[in-house]
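Here is what each chain is made of, one letter per residue.
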Amino acid sequence: MTRSKLIAGNWKMNGLAASTAELDKIIAGSRDLPARVEVLVCPPFTLIDRFADRAERSRVAIGAQDVHAKESGAHTGCISAAMLRDAGASHVIVGHSERRTDQKESDAEVQAKAAAVIAAGLIAIVCVGETEAERDAGEATAVVGRQLAGSLPAGATAANLVVAYEPVWAIGTGRTPSTADVAEMHAFIRGRLRAQLGGEGEGVRILYGGSVKASNAAELLAVPDVDGALVGGASLTAEQFLPIGQAV
Ligand code: PEP
């Protein structure tokens, strides 16, 4: 099965109105990327509306980094999936390891958020990944298997779900797993997706995330079942982000 490649940028807590200039460069440069590459930029909530306007009729989609699981109500400071759609987002990252750690998000919360994203007609990018201690203990696949079982919403399809495998120890550290380890984990995730989602599991894209940059992108993106990348630091500038798409 041919799955198009998704190169997604997670801007985390970075970006002000002036960052629109960088988005413009990403939009302009994306015109030269290979046809089967999709580009997504997930800025902070405050920039989604502005970025979505800017990216209209371009190859760059705009997404969010989190969402509240409820549709509306007394949840001060929170943002619903309908609000994100209204602002112009098409994708929402849920269960990023920084939120699983800092906000103590459980698999059940991540699952509820992913379900809310899908119910609003958006695409959920569900993040999973083991810590270094878990990998050293030989528990990496067990941990990821548990996260997939607990975090993926029932009824998800290839059209509304993306999974991002992000080993926690590789995020922002400059370290990456060997391509053999990435291949083993992505094959494991593919098997779990088939088991949990039936035929749809074959079409769900599995991104690799963790210190992806221009110099290692070609090698990582060539691994079987790596259907794209979730990129943090290197997504903040067109200069570093676009070569990752070119590496496909
Ligand atoms: C991330 O936070 O999702 C990420 C992959 O970050 P970085 O690329 O900076 O390691």
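Quick caveat: nothing in here was measured; it's all calculated off a predicted structure.

Peer 1: Go over the pattern of salt bridges with me, naming the residues and quoting the values.
Peer 2: Oppositely charged side chains are able to pair whenever their charged atoms sit close together. Under the criterion given, the structure shown has 19 salt bridges. Measuring nitrogen to oxygen at the nearest pair gives 2.8 Å for the salt bridge that ties aspartate 24 to arginine 54. A residue pair is termed long-range when its members are at least 10 positions apart, and aspartate 24 in helix α1 (residues 20-30) and arginine 54 in helix α2 (residues 45-55) qualify at 30 residues. Looking at arginine 54, the relative accessible area reads 45%, which means it is partly exposed. Among the salt bridges present, the one from arginine 190 reaches aspartate 227, with a minimum N-O distance of 2.9 Å. Taken together, the positions of arginine 190 in helix α8 (residues 179-197) and aspartate 227 in the loop between α10 (214-221) and β8 (228-231) put the pair 37 residues apart, joining distant regions of the chain. Of the two residues examined, arginine 190 and aspartate 227, each falls in the buried class. A single salt-bridge network, built from bridges that share partners, covers Arg3, Arg190, Arg194, Glu202, Asp225 and Asp227.

Peer 1: So, the packing of aromatic side chains: which residues are in play, and what are the values?
Peer 2: For the structure on display, the rule yields 2 aromatic pairs. Their ring planes at 90° and their centres at 5.4 Å tell us that tryptophan 11 and phenylalanine 51 sit as a pair that is edge-to-face. Here tryptophan 11, found in the loop between β1 (5-10) and α1, pairs with phenylalanine 51, found in helix α2; they are 40 residues apart in sequence, far enough to count as distant.

Peer 1: Before we move on, can you summarise the layout of surface pockets with the specific residues and values?
Peer 2: Taken as a whole, the largest pocket holds about 350 Å³ of empty space. Taken together, 13 residues make up the lining of the largest pocket; nearest its centre are Lys12, Met13, Gln65, Asp66 and Arg99. When residues in the lining of the largest pocket are grouped by element, the largest group, 3 residues, is from helix α4 (residues 97-102). Tallied by class, the residues present in the lining of the largest pocket amount to 4 nonpolar, 4 polar and 5 charged. In this model, the second largest pocket occupies a volume close to 230 Å³. Classifying every residue of the lining of the second largest pocket gives 5 nonpolar, 10 polar and 3 charged.

Peer 1: I'd like to hear about the environment of serine 30, residue by residue, with values.
Peer 2: Within the element layout of this structure, serine 30 appears in helix α1. Once the C-alpha coordinates of serine 30 and leucine 242 are considered, the two residues, 212 residues apart in sequence, prove to be 6.9 Å apart. Discounting chain neighbours no more than four positions away, the residues touching serine 30 are Val39, Arg59, Val60 and Leu242.

Peer 1: Mind laying out the packing of α1 against helix α11 (residues 238-246), listing which residues take part and the relevant values?
Peer 2: α11 packs onto α1 with a crossing angle of 25° between their chain directions and a minimal axis gap of 9 Å. Classed by the angle they form, the pair α1 and α11 counts as roughly parallel. Of the two possible hands of crossing, α1 and α11 adopt the one that is right-handed. Where α1 abuts α11, its residues Glu22, Lys25, Ile26, Gly29 and Ser30 lie against Ala238, Phe241 and Leu242. Across the contact of α1 with α11, the residue classes break down as 4 nonpolar, 2 polar and 2 charged.

Peer 1: Report on the sheet that holds strand β4 (residues 91-94), specifying residues and quantitative values.
Peer 2: The strand order β1-β2-β3-β4-β5-β6-β7-β8 describes a closed barrel built from 8 strands, whose pairing is parallel. Averaged over all pairs of adjacent strands, the angle between strand axes in this sheet comes to 25°, irrespective of strand direction. Bridge count for strand β6 (residues 161-165) against strand β7 (residues 205-209) is 4 bridges, and the pairing is parallel. Counted as the bridge partner of alanine 164 is leucine 207 from β7. The strands touched by α2 are β2 (37-42) and β3 (60-64); relative to β3, the strand with the most contacts, the crossing angle is about 165°. Contacting β4 and β5 (123-128), helix α5 (residues 107-119) crosses the sheet at an angle of about 160° to β5.

Cut-off values and rules
- Residues numbered from 1 in each chain as written.
- Predicted model: local features only at pLDDT ≥ 70, side-chain atom pairs only at ≥ 80, totals over all residues.
- Heavy atoms only, no water.
- Salt bridge = Lys/Arg side-chain N within 4 Å of Asp/Glu carboxyl O.
- Helix = DSSP H or I, 4+ residues; strand = E, 2+ residues; numbered from the N terminus.
- Buried < 20%, exposed > 50% of the residue type's maximum accessible area, 1.4 Å probe, protein only.
- Phe/Tyr/Trp six-rings, centres within 6.5 Å; stacked < 30°, edge-to-face > 60°.
- 1 Å grid on protein atoms, 1.4 Å probe; cavity = no way out; pocket = protein on both sides within 12 Å on 5 of 7 lines; lining within 4 Å.
- Points joined across faces, edges and corners; volume = space filled by probe spheres on them.
- Nonpolar A, V, L, I, M, F, W, Y, C, P; charged D, E, K, R; others polar.
- Contact = heavy atoms within 4.5 Å.
- Axes fitted to C-alpha atoms, helices over the stretch in contact; angles between N-to-C directions.
- Parallel < 35°, antiparallel > 145°, perpendicular 65-115°, else oblique.
- Left-handed = near helix turned anticlockwise from the far one by under 90°.
- Pairing = 2+ DSSP bridges.

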